[in-house]
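Coordinate analysis (summary)
The chain contents come next:
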Amino acid sequence: MGAMLPETTATRSFDDLPAPRGIPWFGNALQIDSLQFHVTLENWARQFGSMYRFQGGPRKLMVVSDPTLIGTMLRDRPDAFRRTVRSERVLKELGTTGVFSAEGDEWRRQRKLVMRALTPEVIRNFFPTLKLLTERLLTRWQAASAAGRKVNVLRDLKAWTLDVTIWLAMGQDINTLEHDANPLQRDIETIFNRVARRLTAPISYWRYFKLPADREADAASARIKEAATEFVAQVRARMEANPALRAKPTNLLEAFVAARDEADSGFTDTHVIGNAITMVFAGEDTTSNTIAWLLDFLARNPSVAGKLAEESDAILGANPVLNEFASLERFTYLDAAVNEAMRIKPVAPFLGLETNKEQVVGGVLVPPRTPIIVMLRLAGMNPADFPEPGEFRPERWLGAKPPVNDDPARKLFPFGGGPRFCPGRYLAMAEIKMAVSMVAKNFRVGLDKNPAEVRELFTFTMTPSSLPVHLVARQGGQ
Ligand code: HEM
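Keep in mind that what you see is a predicted model, and the values were worked out from it rather than measured. Going along each chain's sequence as written, the residues are numbered from 1 onward. This being a predicted model, a pLDDT of at least 70 is required before a residue's local features are given, and a value of 80 or more before pairs of side-chain atoms are given or counted; all residues contribute to the totals for chains, interfaces and linings.

**Some words on the overall build of the chain**
Helix and strand labels come from DSSP, where a helix needs a run of H or I of at least four residues and a strand needs a run of E of at least two; each type is numbered from the N terminus. Secondary structure assignment for the chain yields 15 helices and 12 strands. Radius of gyration: over C-alpha atoms. The globule rule applied is 2.2 Å multiplied by the number of residues raised to the 0.38 power. Taking 478 residues into account, the globule formula puts the C-alpha radius of gyration at 23 Å, and the chain, at 23 Å, falls close to it. Its C-alpha atoms give the chain principal-axis dimensions of roughly 65 × 55 × 45 Å. By the burial criterion, 44% of the 478 residues in the chain qualify as buried. Taking the contacts inside the chain whose residues are at least 6 apart along the sequence as the reference set, 74% of them involve residues at least 24 apart. Here a residue counts as buried when 20 or more other C-beta atoms fall within 10 Å of its C-beta, as exposed when 12 or fewer do, and as partly exposed in between; the C-beta atoms come from the backbone. Residue pairs qualify as contacts under a 7 Å threshold applied to their C-beta atoms, which are placed from the backbone.

Written as structure tokens, this is what we have:
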């Protein structure tokens, strides 16, 4: 609770915080373009310091970018801080009621369910599927390369992570990589766009009247729920036919159902379905965008790409795709490159928290129910911790590990922190390593001629506006 914060006595009131100048009623809302939400907040932090406030319509918000304070607040959940009430309502209204939006004891219960399903063992059992899907991606890109066709890398990565996540979370091979316009894919995208728009909207108009886009989102949400319910029924039928699956689940849905069906589990089918959908939302764009940002860095940093190719050649040997789960641990340089890409281009550049009650934060007395945005990326851009912070240098993650208290890694939160840190981290790293080692082994990543400027768009996750890279088959790459 509050006692865990470094300072428990307030020296300033909330209104003493510096703030950008706003206008009556709207506050600063009109100064924020929702696609550039994070950039505006970061620019204000440079101007107003590591703690400031702003006003989004009727709501007063606080913004914090000191890494130590951020770490403490993330740890102090779910008691002192929660996710924002707005994000909980928006996600619930669109049918994603799972661990991400739950609070208090309900969160504790659901977190247990999710942690039981996202163990390294379940990921290991899932590995043959991950390998198969990575081979599918390779085959598609090889065919395009042989025919001299340019690959839409961003589109394919998105389709690939959606296929991986749907197979993992729902047990279905929907193959959007090779077949466009899958209805489930369309519905998921509809929901994604609505969630992003509603999270940053100045007022919650849809609770009073619905635009066609809002009605379409409701229909999409109902269809996703119906599909997930059918998938749960299929899993139960499979488990009946093959009871060994209960002890050795090969995907998340099987693990969820096995946990749910234990005596006195406290879980219901609603928990299972809500969390299967939550996994898709939390696991898809986050992973594809992280890979996309990394490939963009590789295209612009040929020497890093060269070292990755060397490492992948050594670990994959004659195989075009990694074929041993245990070897995922061996990618030291790739690990460093992923860390570095996530430091400069984290797909979650900030997180929204909210005080449960009156609370002292960094010496400021913050009223109950105040949203506090913690600026995760800024924490990793301090030159004292990361010299020349704008430079992409995987090497800064290699070599002897510094003592814990001086370890700059503790100031980075690409997967969040504290008890609500991302439970999909291990899976995400497995996916990233499979895809990027396949690329490094088989292709050279080139930067397009006259590449368009790549802008960061905040669409729930931070997406590149384009990915101006192309893949050239490596001579003797396989
Ligand atoms: C590179 C990929 C990913 C990144 C960068 C990422 C990042 C994050 C971040 C920053 C949070 C918030 C943590 C916090 O509040 O402290 C989070 C939460 C979460 N992530 Fe991920 N994530 C990724 C992939 C995944 C995957 C693949 C899954 C599952 C299949 C997943 C499932 C979740 C869930 C369920 C939560 C909510 C946890 C809770 O509230 O207790 N994520 N993730």
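Still more ground to cover, so stick around.
**Thoughts on helix 1 (residues 37-48)**
Taking 1.5 Å of rise per residue, 12 residues should cover 16 Å, and helix 1 covers 16 Å from first to last C-alpha, within 8% of that figure. Just downstream of helix 1, G49 is the residue with a positive phi angle, here 95°. Expected helix span is taken as 1.5 Å per residue step, with the number of steps being one fewer than the number of residues.

**Quick word on the nonpolar core**
In these notes, a nonpolar core means any group of buried Ala, Val, Leu, Ile, Met, Phe, Trp, Tyr and Cys residues linked to one another through C-beta atoms within 7 Å. Grouped together as the largest cluster of nonpolar side chains are 97 residues, with contacts concentrated most on L252, F256, A276, L294 and L295. Among the elements that make up this core, the one with the highest residue count is helix 11 (residues 269-300) (16 residues). Counting only domains with at least three residues in this core, you end up with domain 1 (1-94 + 349-379) and domain 2 (104-343 + 419-473). Ignoring anything within four residues of it in the chain, the contact list for L252 reads A117, L118, V122, L168, A169, A276 and M279. Counting residues in each nonpolar core, the second largest holds 36 residues, with F54, L74, F81 and L353 among its members. The domain boundaries here were taken from an automatic or database domain assignment.

**Quick word on the environment of R59**
Note on placement: R59 falls in strand 3 (residues 59-64). Here R59 falls in the partly exposed class, since 16 other C-beta atoms lie within 10 Å of it. Measuring from C-alpha to C-alpha, the distance between R59 and P202 comes to 8.6 Å, with 143 residues separating the pair along the chain.

**Here we look at the sheet that holds strand 3**
Ordered by their spatial adjacency, 5 strands build an open sheet running 2-3-8-5-4, and the pairing between neighbours is mixed. The open sheet has two edge strands with one neighbour each: strand 2 (51-56) and strand 4 (81-83). Sheet twist, expressed as the average angle between the axes of neighbouring strands with direction ignored, equals 35°. Where strand 4 meets strand 5 (residues 351-355), 3 bridges bridge the pair, whose relative direction is antiparallel. Looking across to strand 5, one finds that F81 is bridged to T355. The pairing criterion for strands is at least two bridges between them, as found by DSSP. Think of each axis as a best-fit line through the C-alpha atoms, taken over the contacting stretch in the case of a helix, with angles from 0 to 180 degrees between the N-to-C directions.

**As for the site of the ligand**
Placing a C-beta atom from the backbone of each residue, we mark the residue near a molecule or strand if the atom is within 6 Å of it. Neighbouring the ligand are 27 residues; A282, G283, G416, C422 and G424 lie closest to it. Of all the secondary structure elements, the ones that give two or more residues to the shell around the ligand are helix 4 (104-117), helix 11 and helix 15 (425-442). Here the shell around the ligand takes 7 residues from helix 11, the largest share from any one element. Residues are sorted three ways: Asp, Glu, Lys and Arg are charged, Ala, Val, Leu, Ile, Met, Phe, Trp, Tyr, Cys and Pro are nonpolar, and all the rest, Gly among them, are polar. In the shell around the ligand, the residues fall into 16 nonpolar, 9 polar and 2 charged.

**What to know about the domain arrangement of the chain**
With domains assigned, the chain is organised as domain 1 (1-94 + 349-379) and domain 2 (104-343 + 419-473). The gap between the C-alpha centroids of domain 1 and domain 2 is 29 Å. Between domain 1 and domain 2, the residue contacts involve 17 residues of the former and 19 residues of the latter. Listed by contribution, the elements that provide at least two residues to the side of domain 1 that touches domain 2 are helix 1 and helix 3 (85-93). No other element matches the 4 residues that helix 3 contributes to the side of domain 1 that touches domain 2. Partitioning the side of domain 1 that touches domain 2 into residue classes produces 9 nonpolar, 6 polar and 2 charged.

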